[in-house]
Amino acid sequence: MKSAQSNEQLVGGLAAVGAYFLWGIMPIYWKLIDGASAGEVLANRILWSFIFMILVLFLTRKMNRLKLDLKALFAAPKRLMIIIGASLIITVNWYTFIWAVSQGHVVQASLGYYINPLVSVLLGIIFLKEKLSISQMISVGLALIGVLIMGVHTGTFPWISITLAFSFGLYGLLKKTVHLPAMTGLTIETSIMAPVALIYLILIDSETGGILTSDPGLEALLIGTGIITAVPLLLFAAGANRISLAMVGFFQYLAPTIMLILGTVVYNEPFNHNDLVAFVLIWISLVLFTFSRTKWLTRLENKLLRKKAPYKEIRRSI
C-alpha cells in the first residue's frame, strides 16, 4: 500500500516538475517564431490549443464530460460569464507573455511569475476576505519593495511583470469560483476565443499570410503552439492530483527561475546590481511565504499573538 502511494507521489512529482520545466523553457519556443507578430502567434495559439484539446478529449473518451460541463455552464449564466471573463483574462496574459519574449523582456516576464503567488494572496484578501498571517504580510511587503526598486531604477513601471502577475492571479481566482476540470476548462476557454482568433487570422494582411503561411517551418511552429500550451497543463493536472499542495507551491518557482536564467545567460538581457537586489528581496519574500504555509510557523505566530493578547486587554481596560 505504502509502495503504491510512494509511486503515485513520484509520478505526480515528475509530472509537476515536467509541467513547470516546459513552462520555464517556453520563451525558447516563442523566440523561434520570429516570422509572425505577437497577435498572430496568440491567435494561432488559441485556435490550435482548442483543436488539440478537442482531439485529446476525443482520444481519452471525455467528450461526454465536456458536454456535461457545457450544459452545466449554460444552466448557470453567472458561471458562464465568469468563465468568459477568465478566457478574456488568460488571453491578455498570453499576449503579454508572447510580446514580452519577442521584445527581449524575458527577465521581466520571470519577475511577473515570481510575484504571482503573492498577488494571488492579495486578491484573496480583496475578493475572498482571506486574512494574512504576520509572515505573509512581511513577504508581500518585501516583494512590493523589490518591484518598487526595479521601477525606480529603470525609470519605468514594470508593467509587463505586473500585468502577467495580476492577469494570471485574476484568472486563477475566477477559475477557483467555477471549479472546472483542467482539460475541459481549457477546451471551453479556448472555444470562447477561437472564433475571434479564426476571424483575425482570416482578415489580417501580413507577410506571414494569416491563417496559412507560405513557410512550412513557420506554419509547423504555429500549429505546435497548441501542443506546447496543452501538454504542460495536462502534466500539471496529473501532478496536482497526486502530490500535496505545498509541493506544488514549491515547484511553481522552477518556471520563473528557468526564465530568469534564459533571459540573463542565453539572451543576454541586462541584469545589474539593482535588479539583483530587487530579485533577492522577492526571493526572500517567496521563501518566507512558502514557510508561512507550514504548521510550525503558524503555531509560532499563534504563540506570539497569545503573548501579546494580555497587553491588549490591559490597554482596553485603561
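Residues numbered from 1 in each chain as written. Predicted model: local features only at pLDDT ≥ 70, side-chain atom pairs only at ≥ 80, totals over all residues. Heavy atoms only, no water.

1. Observations concerning the environment of L148
Within the fold, L148 resides in helix α6 (residues 134-154). The sequence separation of L148 and A278 amounts to 130 residues, and the corresponding C-alpha distance is 8.2 Å. (Helix = DSSP H or I, 4+ residues; strand = E, 2+ residues; numbered from the N terminus.)

2. As for helix α2 (residues 38-59)
For α2, spanning 22 residues, the distance from its first C-alpha to its last is 31 Å, which sits close to the expected 32 Å at 1.5 Å a residue. Of the residues one or two after α2, R61 is the one with positive phi, at around 55 degrees. (Expected span 1.5 Å × (residues − 1).)

3. Let's talk about helix α9 (residues 216-240)
In this model α9 runs 37 Å from its N-terminal to its C-terminal C-alpha over 25 residues, within 8% of the 36 Å that 1.5 Å per residue would give. Along α9, the largest kink reaches about 30 degrees and is centred on G224. (Bend = angle between axes of the 7 residues up to and from the residue.)

4. Section: the packing of aromatic side chains
Applying the stated criterion across every chain yields a total of 12 aromatic pairs. With a centroid separation of 5.3 Å and an interplanar angle of 65 degrees, the aromatic rings of F271 and F279 are classed as edge-to-face. Residue classification places F279 among the buried residues on the basis of a relative accessible area of 0%. Taking NZ or CZ as reference, K31 lies 4.8 Å from the ring centre of Y267, over its face. Taking the ring centre of W94 as reference, the NZ or CZ of R45 above it sits at 4.1 Å. (Phe/Tyr/Trp six-rings, centres within 6.5 Å; stacked < 30°, edge-to-face > 60°. Buried < 20%, exposed > 50% of the residue type's maximum accessible area, 1.4 Å probe, protein only. Lys NZ or Arg CZ within 6 Å of the ring centre and 35° of its normal.)

5. Some remarks on empty space enclosed by the protein
Once rolled over the atoms, a probe with the size of a water molecule shows which space is left empty. Summed over the entire model, instances satisfying the criterion amount to one cavity of 30 Å³ or more. In this model, the largest cavity occupies a volume close to 40 Å³. Lining the largest cavity we find I46, S87, I90, T91, W94, E189, T190 and M193. For the lining of the largest cavity, the secondary-structure elements that each account for two or more residues are α4 (77-102) and α8 (182-203). For the lining of the largest cavity, the element with the highest residue contribution is α4, accounting for four residues. (1 Å grid on protein atoms, 1.4 Å probe; cavity = no way out; pocket = protein on both sides within 12 Å on 5 of 7 lines; lining within 4 Å. Points joined across faces, edges and corners; volume = space filled by probe spheres on them.)

6. Notes on unusual backbone geometry
One non-glycine residue, H179, lies in positive phi territory at about 60 degrees. With respect to the helices and strands, H179 occurs in the loop between α7 (159-178) and α8. Among the residues examined, H179 registers a relative accessible area of 64% and is labelled exposed.

7. Brief notes about the confidence of the model for the protein chain
In this model, the protein chain carries an average pLDDT of 83, and 84% of its residues clear a pLDDT of 70 or more. Of the regions scoring below 50 in pLDDT, residues 313-318 engages in zero contacts with residues more than four places distant in sequence or in other chains. (pLDDT = per-residue confidence, 0-100. Contact = heavy atoms within 4.5 Å.)

8. Things to note about the pattern of salt bridges
Two side chains bearing opposite charge may form a pair once their charged atoms approach each other closely. For the structure on display, the rule yields two salt bridges. Between R65 and D69 there is a salt bridge, with the nearest N and O atoms lying 2.6 Å from each other. You can see R65 and its partner D69 sitting in helix α3 (residues 63-75), four residues apart, about one turn around the helix. The class of D69 is buried, set by a relative accessible area of 5%. Residues E189 and K175 are paired through a salt bridge, measuring 2.6 Å at the closest nitrogen-oxygen approach. In this pair, E189 is assigned in helix α8 and K175 in helix α7, connecting sequence segments 14 residues apart. For E189, a relative accessible area of 2% gives the class buried. The exposure class assigned to K175 is buried, which follows from its relative accessible area of 18%. (Salt bridge = Lys/Arg side-chain N within 4 Å of Asp/Glu carboxyl O.)

9. What to know about a nonpolar patch on the surface
Together, V17, F21, L22 and L254 give the surface a local cluster of nonpolar side chains, amounting to about 270 Å² of exposed area. A total of three residues in the nonpolar patch trace back to one element, the largest contributor, which is helix α1 (residues 2-32). Topologically, L22 is positioned in helix α1. Taking relative accessible area as the criterion, L22 reaches 30% and is therefore assigned partly exposed. (Patch = residues over 30% accessible without salt bridge, like charges linked within 9 Å, V, L, I, M, F, W, Y side chains within 5 Å. Areas by Shrake-Rupley, 256 points an atom, 1.4 Å probe, with all protein chains shown as cover.)

10. Topic: the side chain of N93
Of note, N93 is situated in helix α4. On the basis of relative accessibility, which here comes to 2%, the residue N93 falls in the buried class. Among the polar contacts listed, one links the side chain of N93 to the side chain of S167, at a separation of 2.9 Å. The residues contacting N93, other than those within four sequence positions of it, are Y113, L164, S167 and F168. (Polar contact = N/O pair within 3.5 Å; in protein donor to acceptor, adjacent residues only side chain to side chain.)

11. Considerations on the nonpolar core
Nonpolar side chains tend to gather and get buried jointly when the protein is soluble and globular. Judged by nonpolar contacts, the single largest core of 47 residues is most densely connected at W30, I33, V41, L73, I83 and F97. In terms of residues, this core owes the most to one element, α4, which gives 10 residues. Contacts of L73, omitting those with residues within four sequence positions, involve R79, L80, I83, V178, L180 and I188. With 21 residues, the next largest nonpolar core counts I115, L123, L260 and A278 among its residues. (Core = buried A, V, L, I, M, F, W, Y, C linked by side-chain atoms within 4.5 Å.)

12. Quick word on the packing of helix α5 (residues 106-128) against helix α11 (residues 254-266)
At a minimum axis distance of 8 Å, the contact between α5 and α11 shows a crossing angle of 165 degrees. On the basis of the axis angle, α5 is roughly antiparallel to α11. Helix-helix and strand crossings are classified by hand; for α5 and α11 the assignment is left-handed. Judged by residue contacts, V106, V107, A109, S110, Y113 and Y114 of α5 engage P256, T257, M259, L260, G263 and T264 from α11. Of the residues that constitute the contact of α5 with α11, the class distribution is eight nonpolar, four polar and no charged. (Axes fitted to C-alpha atoms, helices over the stretch in contact; angles between N-to-C directions. Parallel < 35°, antiparallel > 145°, perpendicular 65-115°, else oblique. Left-handed = near helix turned anticlockwise from the far one by under 90°. Nonpolar A, V, L, I, M, F, W, Y, C, P; charged D, E, K, R; others polar.)

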